[in-house]
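Take a look at the letters that make up each chain.
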Amino acid sequence: MELQLDSGNFELSGTVNLGELNAKSYKTESPHRFQFLYAGQLYGTFFGIFGQFNSDINQKSKQHVVSAARFILVNYRGDINLGFHGDINGGIKKIDLPIMHQQQSTKEYNCFDFSINVRPFMPSFKTTEALMDDCTIDSKIEFLTITVNAQPIDSEYVSDPPSTKDIVFDGERYERSGIYYKHRETIRSTTQNHELHKMDIDGEKYLNAPWGICPRGISRIIFE
């Protein structure tokens, strides 16, 4: 059965319930579920990112306010453990998101965005609190986005540029054949400027997401 999509919708997205935990339940020691937010693959390892959110209702405005968030990364398959590196920063941000089945490739949205650095040879299943101010989530903020920035292997293991003396080759940043190597044209990092490439899907032309190989995780926000 062919998937029918309304104009302007995303082809793929998740849903995140920001109203699941309030301040009291967020701080209790009893375990609460982490919600799935992102999946990707780096250095041959498939991984997922999950989050919890502290949300309460402002009694004056009657709007939801998210004051805290925590995340974990789970490695599923692959030989190299990936983990968080540095701070996780969250806040309201204007982001161009890809829109399918429209002439224009992207549309600007107000998003509840978290920027997360992921690095190889790091411990996983480590809960990390985000750095963020209180964020009021009103009807104009439809999506929670996860922006993953792939960090290079620590210089303890690799050189930049690569050397035959290294014990590990950074296959995400370089390609090699014998003693020859070249820098990959597309680096797995949202900090780079990536050219938009045409893709053919079932005979129709679309544009790649402008953030390269590490796409953003997109979840529609709900409160239940």
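Details of the structure are given in the entry above.
Here the residue numbers are simple positions, counted from 1 along each chain's written sequence. Side-chain atom pairs in this predicted model are given and counted only at pLDDT of 80 or more, local residue features only at pLDDT of at least 70, and totals for whole chains, interfaces and linings cover all residues. To obtain the side-chain values, all non-hydrogen atoms of the structure were used and water was disregarded.

(A) Structural view of the nonpolar core. Here, nonpolar core refers to any group of buried Ala, Val, Leu, Ile, Met, Phe, Trp, Tyr and Cys residues whose side-chain atoms link them within 4.5 Å. Think of it in three bands: with a 1.4 Å probe and only protein chains considered, a residue is buried below 20% of the maximum accessible area for its type, exposed above 50%, and partly exposed in between. Formed by 33 residues in total, the largest nonpolar core has its most connected members in Ile-49, Phe-53, Phe-71, Phe-112, Phe-114 and Leu-144. Working definition: helices are DSSP H or I runs of at least four residues, strands are E runs of at least two. Numbering for both runs from the N terminus. Of all the elements, strand β10 (residues 141–150) adds the most residues to this core, at five residues. Contact criterion: two residues are considered in contact whenever any of their non-hydrogen atoms come within 4.5 Å of each other. Not counting chain neighbours up to four residues away, the residues in contact with Phe-112 comprise Leu-18, Val-66, Gly-91, Ile-92, Met-132, Cys-135, Ile-137, Ile-141, Phe-143, Leu-144, Thr-145 and Ile-221. Leu-97, Tyr-109, Cys-111 and Phe-143 belong to the second-largest nonpolar core, a separate cluster that totals six residues.

(B) Quick peek at the side chain of Thr-147. By the element assignment, Thr-147 lies in strand β10. When its relative accessible area of 4% is taken as the criterion, Thr-147 is described as buried. The definition of a polar contact used here is a pair of N or O atoms within 3.5 Å, where within protein one atom must be able to donate a hydrogen and the other to accept one, and adjacent residues in sequence count solely through side-chain atom pairs. At 2.8 Å, the side chain of Thr-147 and the side chain of Asp-113 are in polar contact.

(C) Spatial organisation of the packing of aromatic side chains. When the centres of two rings from Phe, Tyr and Trp lie within 6.5 Å, Trp using its six-membered ring, the rings pair. Their planes under 30 degrees apart give stacked, over 60 give edge-to-face, and anything left gives tilted. In this structure the tally under the stated criterion is 10 aromatic pairs. Between Phe-53 and Phe-71 the ring centres are 6.0 Å apart and the planes differ by 85°, which places this aromatic pair in the edge-to-face class. Of this pair, Phe-53 sits in strand β3 (residues 45–57) while Phe-71 sits in strand β4 (residues 64–77), and the two are 18 residues apart along the sequence. Residue Phe-53 is classed as buried on the basis of its relative accessible area, which comes to 3%. Judged by its relative accessible area of 0%, Phe-71 falls in the buried class. Taken together, Phe-53, Phe-71, Phe-112 and Phe-114 form an aromatic cluster joined through their ring pairs.

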